[in-house]
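Coordinate inspection notes
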There are 2 protein chains.
Amino acid sequence: MRGWIDVSTYPKLFKFSDQSDRVICLCTAGSLSISQALVNVLQRDIKTEATFNLYNLPSLYDVARYIGDTIRQLQERDRPWLERDNIDFQCSFLLGGQIQGEEPGLYMIYRQGNFIHACPETPFLQIGEAKYGKPILDRILTFETPIAVAAKCALLSIDSTMKSNVSVGPPINLMMYEQDSFEIGYELRLERSDPYLREIRSAWEISLNEAFNRMPDIDWRQAL
Amino acid sequence: MRGWIDVSTYPKLFKFSDQSDRVICLCTAGSLSISQALVNVLQRDIKTEATFNLYNLPSLYDVARYIGDTIRQLQERDRPWLERDNIDFQCSFLLGGQIQGEEPGLYMIYRQGNFIHACPETPFLQIGEAKYGKPILDRILTFETPIAVAAKCALLSIDSTMKSNVSVGPPINLMMYEQDSFEIGYELRLERSDPYLREIRSAWEISLNEAFNRMPDIDWRQAL
């Protein structure tokens, strides 16, 4: 008998930005078959100029509903076959972007097709292996954080996740969108060997250790 | 119709240290009914001087097996009733301590009754809401970390967890055991208003922000 471990890399960040009136980005986590099928349908609907598609829907809210409905349809087709083998396919999606006449928006769409959106009180959303990287976001990000600082914080959040769960790894794809620009002005793909990634990772590690060493010691005298 | 939120506090850290040849500590997470039942049985077996109990088992490995077996028995009794209502009761346990003639040991016991133990390569174990607090442990702790430094790190780890999941909260119970002492020399219970907890929380928050601000900016010029 032979065995193997399949470690593969798949794109998880997709942009739909050929129109001058909108920028739409989609980030996927979980079931690869559902994610790929979804992106396929979204692209096909644009190409065939379907009644509802990413390029004609009037608002980001409508786009979120359209994507949620599409996820539901895709699941309907596979569900009986997956359930028969007790396969529980988790997946979730981040939808971000801006359509002319609206503010930029950020939605998290669940596998069930329902969704929530970010708000000033909770200005970030995460999908996938989210918990390891949440503490730094909780401590740094507010609605007022400049976008470039937020991007750096997101990168350190992913780096913490990679450190605590080795199945999460590079390349890291980053996109940054500036309000009312209607184009993805900043895009980056960081491989494991990327000098900046190595630099910020090592600097963060050192800084955290220094910060930790400065913390006041526990005073055990006030014992129980 | 009326509603309420039930926020309760229960002890989750138990020590069994009346014997001069051993110190045994148990930390519980998850299903309160199983946890409380377990502690009850452990105490009863000591009191009735059962064939196997925490005070007569010859090694920490045997103690882990005994606790695992007890968890299995307790679950057997409740399982049909819980399954009938689709209640999935997760629980897990940390067993730490030392029995004379052995090195100190640390075990994690799963709800299924099987268990693992910490080793030099992975010198810490966590139960419960573990992910938020893991990054700082991953970055600070090694097998060589002095015990008092490790305790401080554990405290900051729990603090990160409390920050990212508000359903986790004080009091925090800390125990520190020094090898070959055969007594719990250090014990602490920190309430939310505890001055040290407030001080270290605020100092950590400030240090993290300062460290973050020193991180090099993303260089977007090397765009895709």
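Residues numbered from 1 in each chain as written. Chains lettered and ligands numbered in written order. Predicted model: local features only at pLDDT ≥ 70, side-chain atom pairs only at ≥ 80, totals over all residues. Heavy atoms only, no water.

Our next topic: the relation of the copies chain B and chain A. For these two chains of identical sequence, chain B goes onto chain A by a turn of 180 degrees and a shift of 0.0 Å along the axis, with RMSD 0.0 Å. Within this description, the copies of the chain are treated as partners about a two-fold rotation axis. Taking C-alpha positions as the reference, the residue of chain B nearest the rotation axis is Tyr132 of chain B, at 2.5 Å. The share of interface residues of chain B whose copies in chain A are also at the interface is 98%, consistent with both copies meeting through the same surface. (Least-squares fit on C-alpha atoms with pLDDT ≥ 70 in both. Contact = heavy atoms within 4.5 Å.)

Attention shifts here to the packing of helix α4 (residues 147–164) of chain A against helix α5 (residues 195–214) of chain A. All names here are of chain A. Where α4 contacts α5, the axes come no closer than 11 Å and their chain directions differ by 80 degrees. Classed by the angle they form, the pair α4 and α5 counts as roughly perpendicular. On α5, the residues that touch Lys152, Leu155, Leu156, Asp159, Ser160, Met162 and Lys163 of α4 are Tyr196, Leu197, Ile200, Arg201, Trp204 and Glu205. Residue composition of the contact of α4 with α5, by class: seven nonpolar, one polar and five charged. (Axes fitted to C-alpha atoms, helices over the stretch in contact; angles between N-to-C directions. Helix = DSSP H or I, 4+ residues; strand = E, 2+ residues; numbered from the N terminus. Parallel < 35°, antiparallel > 145°, perpendicular 65-115°, else oblique. Nonpolar A, V, L, I, M, F, W, Y, C, P; charged D, E, K, R; others polar.)

Further remarks concern the interface of chain B and chain A. Between chain B and chain A, the contact holds 48 residues from the first and 47 residues from the second. Summed over both partners, the interface of chain B with chain A comes to about 5,000 Å²; 66% of that surface belongs to carbon and sulfur atoms. Of all residues in chain B, Arg139, Phe212 and Trp220 of chain B bury the most surface against chain A, accounting for 20% of the area lost on that side. Across the chain B-chain A interface, the total number found is eight salt bridges. Notably, a salt bridge pairs Arg139 of chain A with Asp159 of chain B, separated by 3.8 Å at the nearest N-O pair. Of all the secondary structure elements, the ones that give two or more residues to the side of chain B that touches chain A are α3 (134–140), α4 (147–164), β6 (172–176), β7 (186–190) and α5 (195–214) of chain B. Here the element with the most residues in the side of chain B that touches chain A is α5 of chain B; it accounts for 13 residues. Looking at the side of chain B that touches chain A residue by residue, the classes come out as 26 nonpolar, six polar and 16 charged. (Buried area = accessible area lost by both parts, 1.4 Å probe. Salt bridge = Lys/Arg side-chain N within 4 Å of Asp/Glu carboxyl O.)

As a further point, take the nonpolar core. Within the largest apolar cluster, 52 residues are counted, with the highest numbers of intra-cluster contacts made by Leu155, Trp204 and Ile218 of chain A together with Leu155, Trp204 and Ile218 of chain B. Each residue touching Ile218 of chain A, except ones within four places of it in the same chain, is listed here: Ala151, Lys152, Leu155, Leu174, Leu188 and Tyr196 of chain B. Counting 29 residues, the second largest nonpolar core, distinct from the first, contains Phe14, Phe16, Ile34 and Leu57 of chain B. (Core = buried A, V, L, I, M, F, W, Y, C linked by side-chain atoms within 4.5 Å. Buried < 20%, exposed > 50% of the residue type's maximum accessible area, 1.4 Å probe, protein only.)

Let us now look at the sheet that holds strand β3 (residues 91–99) of chain B. All names here are of chain B. Read across the sheet, five strands follow the order β1-β2-β3-β4-β5 without closing on themselves; strand pairing throughout is antiparallel. The open sheet has two free edges, formed respectively by β1 (13–16) and β5 (115–117), since each of these has just one partner strand. Sheet twist, expressed as the average angle between the axes of neighbouring strands with direction ignored, equals 20 degrees. Where β1 meets strand β2 (residues 22–30), four bridges bridge the pair, whose relative direction is antiparallel. Paired with Phe14 across the two strands is Leu26, which belongs to β2. Strand contacts of helix α1 (residues 32–47): β1, β2 and β3, with the helix running at about 160 degrees to β2, the strand carrying the most contacts. (Pairing = 2+ DSSP bridges.)

With that settled, consider the side chain of Ser35 of chain B. All names here are of chain B. Within the secondary structure, Ser35 is located in helix α1. On the basis of relative accessibility, which here comes to 4%, the residue Ser35 falls in the buried class. Residue contacts for Ser35: discarding those within four places in its chain leaves Thr28, Ala29, Gly30 and Phe93.

Turning next to unusual backbone geometry. All names here are of chain A. Following Pro170, the chain continues to Pro171 via a peptide bond in cis, the omega torsion being 0 degrees. Among the structural elements, Pro171 can be located in the loop between α4 and β6 (172–176). Even without a glycine there, the phi angle at Phe182 is positive, about 55 degrees. Here Phe182 lies in the loop between β6 and β7 (186–190).

Residue and element names in this part refer to chain B. Counted at 1.5 Å a residue, the expected span for α5 with its 20 residues is 28 Å, and the 29 Å between its end C-alpha atoms agrees. Of the positions making up α5, those classed as buried are Tyr196, Leu197, Ile200, Trp204, Ser207, Leu208, Ala211 and Phe212. Seen from one end, α5 has its buried residues packed into an arc of 135 degrees, which puts them on one side. For α5, the exposed residues lying more than 90 degrees away from the buried face are Pro195, Arg198 and Asn213. Measuring from the side-chain oxygen of the N-cap residue of α5 to the backbone nitrogen of Tyr196 gives 2.9 Å; that N-cap residue is Asp194. (Expected span 1.5 Å × (residues − 1). Arc of directions from axis to C-beta. Polar contact = N/O pair within 3.5 Å; in protein donor to acceptor, adjacent residues only side chain to side chain.)

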